[in-house]
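# Structure at a glance
Below are the chains, spelled out letter by letter.
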Amino acid sequence: MPRVPQHPGLASHWWTPYAVACCFTREQQQETVAEEIEDFQPIDKLQQLGINAGDIKKAKEGGVHTCECFLMRTKKSLAEIKGLSDAKIEKMVEAARKCVPNYGWQTGSSVEKQRAREIVRINFGAQQINDLLGGGLESKAITEIFGEYRTGKTQLCHTLCVTTQMPLESGGGAGKVAYIDTEGTFRPERIHSIAARFGLDAEAVLDNVCHARAYTHEQQMELIQSVAAMMAEDPFKLLIVDSITANLRVDFSGRGELAERQQRLGQMMSRLRKISEEFNVAVLVTNQVMSDPSGGAMFVVDPKKPLGGHVMAHASTIRLSLRKGKGEQRVMKVVDSPNLPEGEASYQISSEGIVDYKD
């Protein structure tokens, strides 16, 4: 059982219903605190509505672990689950609708109250970035950060691995982290120095980070699909993919394979979006950049553009560009967001992770 990262600067309020998520399984949490807000409806609830336990087990084996997932998948994809007939699927989907309280039409006021109650914003480690993003990394959304090498993409990921495990009142998410590493750049020793900065037990923090190395785009997709099983069992608050395009860039080459590459990218991003909303987790994906081959690049201040084209642009909820400034300065810019104005924030990379930039 993973341990809670101890925070000497915090008293008993560290053990809030959300904070104990760092050491208990979700079932133990719900037994301990009955009034806790549920992020999702477990598929086992369908048994109370007359669904056979054997059919629920088959659905889990097919990658469906919540009632929300039933409503997010097409009936065609559900029909591919072994042992489930069209009639059974229809019955299970109908039961899932009854279990999900926010299914269907809602007023704008209801949506506002729901977001205020559910959305978590995770501290980036630099106050200027938090202010730029309205409080931090937002749950139920895909945040894409792109930039050239040495702009701090992976360092942002490492810092968030630590801050996500802090209590809600300290700007954390009080949950675990899933880290899909496609470039082989995850370094546990970086977690030690960042955890020390926030006064947390580094070993306990590392115990709550689930890391997986993906060498191909196929393995990457398998990991994205299988992470739902972990999130159904334990309380996660952050899923990192560093980076989303590295394997695709290698596995597909030339314009002849561009269409297939974009299709695979679209499928990955669609699955990530559903996971973020299904489990109320923040999804952070890093993206590589390329030089703009068009003739107009010479008239642009920064001719580099992110990989993935329109597929990536439309799939990301929030897009953030990173660039190098003077000396140790790095600059983050809001490129696209449904609720944030365009703006910039300065930060720098230190031995303690991402910190505010100081002249």
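Quick caveat: nothing in here was measured; it's all calculated off a predicted structure. (Residues numbered from 1 in each chain as written. Predicted model: local features only at pLDDT ≥ 70, side-chain atom pairs only at ≥ 80, totals over all residues. Heavy atoms only, no water.)

### Overview of the pairing of strand 12 (residues 344-350)
Two elements, strand 11 (residues 330-336) and strand 12, share 4 bridges in a ladder whose sense is antiparallel. If you follow K333 over to strand 12, its bridge partner there is E344. Sheet analysis places strand 12 next to strand 13 (residues 353-356), joined by 4 bridges and oriented antiparallel. What sits directly across from Q348, in strand 13, is V355. Taking the residues between adjacent antiparallel strands as the criterion, strand 12 and strand 13 are bridged by 2 residues. (Pairing = 2+ DSSP bridges. Helix = DSSP H or I, 4+ residues; strand = E, 2+ residues; numbered from the N terminus.)

### What to know about the packing of helix 11 (residues 217-233) against helix 13 (residues 258-279)
Close contact between helix 11 and helix 13 brings their axes to 11 Å; oriented N to C, the two are set at 10°. For the element pair helix 11 / helix 13, the angle class is roughly parallel. Residue-level contacts link H217, Q220, M221, I224, Q225, V227, A228, M231 and A232 of helix 11 to R264, Q267, M268, R271, L272, I275 and F279 of helix 13. Per-class residue counts for the contact of helix 11 with helix 13 are 10 nonpolar, 4 polar and 2 charged. (Axes fitted to C-alpha atoms, helices over the stretch in contact; angles between N-to-C directions. Parallel < 35°, antiparallel > 145°, perpendicular 65-115°, else oblique. Contact = heavy atoms within 4.5 Å. Nonpolar A, V, L, I, M, F, W, Y, C, P; charged D, E, K, R; others polar.)

### Brief notes about the pattern of salt bridges
Overall, the coordinates contain 13 salt bridges when judged by the stated rule. Here E277 makes a salt bridge to R273, at a shortest N to O gap of 3.9 Å. With a gap of 4 residues between them, E277 and R273 both fall in helix 13, about one helical turn apart. A residue is classified by how much of its surface remains accessible, and E277, at 36% relative accessible area, is partly exposed. Taken together, the salt bridges that share partners define one network made up of R115, R121 and E138. (Salt bridge = Lys/Arg side-chain N within 4 Å of Asp/Glu carboxyl O. Buried < 20%, exposed > 50% of the residue type's maximum accessible area, 1.4 Å probe, protein only.)

### Quick look at the environment of E118
Among the secondary structure elements, E118 is positioned in helix 6 (residues 108-118). Along the sequence, E118 and S139 sit 21 residues apart, while their C-alpha atoms lie 8.4 Å from each other. Ignoring anything within four residues of it in the chain, the contact list for E118 reads N102, S139, K140 and N280.

### Side note on the nonpolar core
Generally speaking, soluble globular proteins have nonpolar side chains that are buried together. The biggest cluster of nonpolar side chains holds 40 residues, and the ones touching the most others in it are I129, L133 and M332. The dominant element in this core, judged by the number of residues it contributes, is helix 8 (residues 153-163), at 5 residues. When residues no more than four places from it in sequence are discounted, the contact partners of I129 are F124, L156, M332, A345, Y347 and I354. Formed by 28 residues, the second largest nonpolar core is a distinct cluster that contains V227, A228, V241 and A315. (Core = buried A, V, L, I, M, F, W, Y, C linked by side-chain atoms within 4.5 Å.)

### What to know about unusual backbone geometry
Residue S243 is reached from D242 by a cis peptide bond, and omega for that bond is 0°. Structurally, the position occupied by S243 is in the loop between strand 6 (236-242) and helix 12 (246-251). In the Ramachandran plot, K140 falls in the positive-phi region, its phi being about 60° despite a non-glycine side chain. Examined against the element boundaries, K140 turns out to sit in the loop between strand 2 (137-138) and strand 3 (141-146). With a phi close to 50°, A174 is a non-glycine residue in the positive phi region. Checked against the element boundaries, A174 lands in the loop between helix 8 and strand 4 (176-181).

### Side note on the side chain of Q220
Mapped onto the secondary structure, Q220 falls in helix 11. Other than its neighbours up to four places away in sequence, Q220 contacts T182, A214, V241, S243, I244, N247 and M268.

### A closer look at the side chain of T151
With respect to the secondary-structure elements, T151 resides in the loop between strand 3 and helix 8. Here T151 falls in the buried class, since its relative accessible area comes to 0%. Residues in contact with T151, not counting those within four places in the same chain, are L322, R323, K324, R330, Y347 and I349.

### Notes on the packing of aromatic side chains
As enumerated under the stated definition, the model contains 2 aromatic pairs in all. Between Y179 and F186 the ring centres are 4.9 Å apart and the planes differ by 55°, which places this aromatic pair in the tilted class. Per residue, the accessibility class of Y179 equals that of F186, and both read buried. Over the face of the ring belonging to Y215 we find R213, whose NZ or CZ atom lies 4.3 Å from the ring centre. The ring centre of Y149 lies 4.1 Å from the NZ or CZ of K324, which sits over that ring. (Phe/Tyr/Trp six-rings, centres within 6.5 Å; stacked < 30°, edge-to-face > 60°. Lys NZ or Arg CZ within 6 Å of the ring centre and 35° of its normal.)

Keep in mind that these numbers describe shape and distance, not what the molecule does.
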